[in-house]
Amino acid sequence: MAQSAEAANAAGQDVPEQVTKTAGVYIYGLVPEDVEVSSDARGVGDETSEIRLVRHGEIAALVSDVTLDRPLGTPDDLFRHGALLDATAAEVPVIPLRFGSVMTNEEAVVEELLTPHHDEFRSALDELEGRAEYVIKGRYVDQTLFREVLSEIPEAAQLREQIQGQPEDLTRNARIRLGELINQAVVAKREADTQAVAEEVGPLATLTVIREPSHEQDAVHVAVLMETDRQDELERVVNEFAERWSERVEMRILGPLAPYDFITARTQE
Amino acid sequence: MTVQPATGGISGGPSPSGLADVIDTILDKGLVIDAYVRVSLVGIEVLTIDARIVVASVDTYLRYAEAVNRLDLAESGGQGLPEIMQNVTQGKGKNVTQGVLEAAGEKLSDFVGERGEKQETRSRRQEREER
């Protein structure tokens, strides 16, 4: 916080000291100017802080006041950030900001963020019109997964026989080898299954990103940017996989979400 | 916006995001404002959650091996891995596997739900619980 005060002073801004030290403006994302915010939306940090828009030209920032006296990142904070952006993305184009973006005040949002980059953000929002992100997740059903591995890899089945009924301490090496084989098999299956899903959903999407697994038993983790009108087509495709992999992989679709996976690459170009 | 679950399918329509899903998404994705703004950006402390990394290690291997060891090949639809691991933990809390098993399964499980609010004081709480 001392840093921010210094930064503000360095820029020659006449910001009251108290404000820079205790409060800031939390920014969720950027939207077209003609958007309205529902009054029941609540911001991160403080339960009483209301979401509002800071407008400039044809774009606006979704913001709320935040006090800086505690670190952000409670489950409530994370949920509110995500929920606000995802609810917004279901209706209008939105450029989501990474969690934890705070500026000193509204003037700074307008003068340093919205004004200098107005056209860039405007054209990104145009591209996002009618589109949102969906995340397709698949999680292996462990029992099925392990049976599959044992039937496919003779060495794994052998090692299992070997450790059955034996104390852990005596079979440590065999266990490590068995676990390693399973892990290799899971990695290979994940790659193949993710590829299969990406190939099927790809044609529906404007852009596709294969996400890193976030769990050991992740089978599929793919993000797509696509027209929200085509959501039912996506559901159909994912349902086909769910039926084909019944008892093997549990499939889920998340969305519509704000296009988190497609913003970073766009702006770095 | 309401979405009707598709009939017959296992996945249904889009499901609500859990905390793990949100963490997967908003902490390291999205526009990074630093690239655009330098002067008035306020450095706020964000609680870090080190839960996303999937690195296979010896611990992972041992856990897999134990799960497979316990796998009942004859019977389908038996216990899932989490239950197995719970039983093991309760049954014989001995040597290194104890810690491994506690860290196993859904890594975020202790973060999800009511306990989440206590994250900030987590290290202190754990000390107390261990006594």
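Let me begin by describing the structure that accompanies this report. All residue numbers refer to position in the chain's written sequence, counted from 1. Each chain takes a letter, starting from A, and each ligand takes a number, starting from 1, following the order in which they are written. For this predicted model, a pLDDT threshold of at least 70 governs which residues receive local features, and a threshold of 80 or more governs which side-chain atom pairs are given and counted, while totals over whole chains, interfaces and linings are taken from all residues. As a rule here, side-chain values come from all non-hydrogen atoms in the structure, and water together with hydrogens is ignored.

This paragraph deals with the overall build of chain A. The helix and strand labels rest on DSSP assignments: H or I over at least four residues marks a helix, E over at least two residues marks a strand, and numbering proceeds from the N terminus. In terms of regular secondary structure, chain A is built from 10 helices and nine strands. When the 269 residues of chain A are sorted by exposure, 55% land in the buried category. Long-range contacts, defined here as pairs at least 24 residues apart, represent 73% of the contacts in chain A between residues at least 6 apart. Accessible surface is estimated by sampling points in the Shrake-Rupley manner with a 1.4 Å probe; for residues, cover comes only from the protein chains shown. Carbon and sulfur atoms make up 45% of the accessible area of chain A, which totals about 11,800 Å². For the exposure calls, accessible area comes from a 1.4 Å probe over protein chains only, and a residue counts as buried if that area is under 20% of its type's maximum, exposed if over 50%, partly exposed in between. A contact between two residues is defined here by any heavy atoms of the two lying within 4.5 Å.

Residues and elements named next belong to chain A. Fitting a line to C-alpha atoms yields each axis, with helices limited to the stretch in contact; the angle taken between N-to-C directions then spans 0 to 180 degrees. Helix α8 (residues 172–201) packs onto helix α7 (residues 154–163) with a crossing angle of 150° between their chain directions and a minimal axis gap of 9 Å. Taken as axis vectors, α7 and α8 run roughly antiparallel relative to one another. The handedness of the crossing between α7 and α8 comes out as left-handed. Along the contact surface, α7 presents Glu155, Ala156, Leu159, Arg160, Gln162 and Ile163, while α8 presents Ala174, Arg175, Arg177, Leu178 and Leu181. Gly is put with the polar residues, along with every residue not named as nonpolar or charged; the nonpolar set is Ala, Val, Leu, Ile, Met, Phe, Trp, Tyr, Cys and Pro, and the charged set is Asp, Glu, Lys and Arg. Of the residues contributing to the contact of α7 with α8, the split by class is six nonpolar, one polar and four charged. Throughout, the term roughly parallel applies to angles under 35 degrees, roughly antiparallel to angles over 145, roughly perpendicular to angles from 65 to 115, and oblique to all others. Crossing handedness is read from the near helix: turned anticlockwise from the far helix by less than a right angle, it gives a left-handed crossing, and turned clockwise, a right-handed one.

Residue and element names in this part refer to chain A. Where like charges cluster on the molecular surface, the negative patch consists of Glu199, Glu200, Glu240 and Glu243. Of all the elements in the fold, those that place two or more residues in the negative patch are α8 and α9 (231–244). Exposure remark for Glu243: the relative accessible area of 47% places this residue in the partly exposed category. To count toward a patch, a residue needs a relative accessible area above 30% and no salt bridge. Like charges then connect within 9 Å, nonpolar side chains (Val, Leu, Ile, Met, Phe, Trp, Tyr) within 5 Å. By definition here, a salt bridge exists when the distance from a side-chain nitrogen of Lys or Arg to a carboxyl oxygen of Asp or Glu is within 4 Å. Think of it this way: Lys and Arg go in the positive column, Asp and Glu in the negative one, and His and the chain ends go nowhere. The atoms used to mark charge sites are NZ of Lys, CZ of Arg, CG of Asp and CD of Glu.

A few words on unusual backbone geometry. Residue and element names in this part refer to chain A. In this model, Gly255 is joined to Pro256 through a cis peptide bond whose omega is 0°. Structurally, Pro256 is set in strand β9 (residues 249–257). One non-glycine residue, Glu247, adopts positive backbone phi at about 70°. Within the secondary structure, Glu247 sits in the loop between α9 and β9. For Glu247, a relative accessible area of 63% puts it in the exposed group.

Throughout the structure, instances matching the rule amount to 24 salt bridges over all chains. Asp77 of chain A is the partner of Arg70 of chain A in a salt bridge, and the nearest nitrogen-oxygen pair spans 3.1 Å. Looking at Arg70 of chain A, the relative accessible area reads 25%, which means it is partly exposed. Asp77 of chain A gets classed as buried once you look at its relative accessible area, which sits at 1%. The partner of Asp24 of chain B in a salt bridge is Lys137 of chain A, and the shortest N-O contact between them spans 3.0 Å. One end of the pair, Asp24 of chain B, is in helix α1 (residues 19–26); the other, Lys137 of chain A, is in strand β6 (residues 131–140), on a second chain.

With that out of the way, let us pick up the packing of helix α3 (residues 75–89) of chain A against α1 of chain B. Remark: α3 of chain A packs on α1 of chain B, axes separated minimally by 10 Å, with the N-to-C direction vectors making an angle of 70°. Classified by the angle their axes make, α3 of chain A and α1 of chain B are roughly perpendicular. Between α3 of chain A and α1 of chain B lies a crossing whose hand is left-handed. Judged by residue contacts, Pro75, Leu78, Phe79, His81 and Gly82 of chain A of α3 of chain A engage Leu19, Val22, Ile23 and Ile26 of chain B from α1 of chain B. When its residues are assigned to classes, the contact of α3 of chain A with α1 of chain B shows seven nonpolar, two polar and no charged.

Moving on: the nonpolar core. With 58 residues, the main nonpolar core has Ile27, Leu30, Ile95, Met103 and Leu113 of chain A as its most contacted residues. Every residue in contact with Leu30 of chain A, bar those within four places of it in the chain, is listed here: Ala60, Ala61, Pro93, Val94, Ile95, Leu97, Leu113, Leu114, Phe121 and Leu125 of chain A together with Leu31 of chain B. We define a nonpolar core as any set of buried Ala, Val, Leu, Ile, Met, Phe, Trp, Tyr and Cys residues linked to one another through side-chain atoms lying within 4.5 Å. One finds Tyr140, Val224, Phe241 and Trp245 of chain A within the second-largest nonpolar core, a separate group that totals 39 residues.

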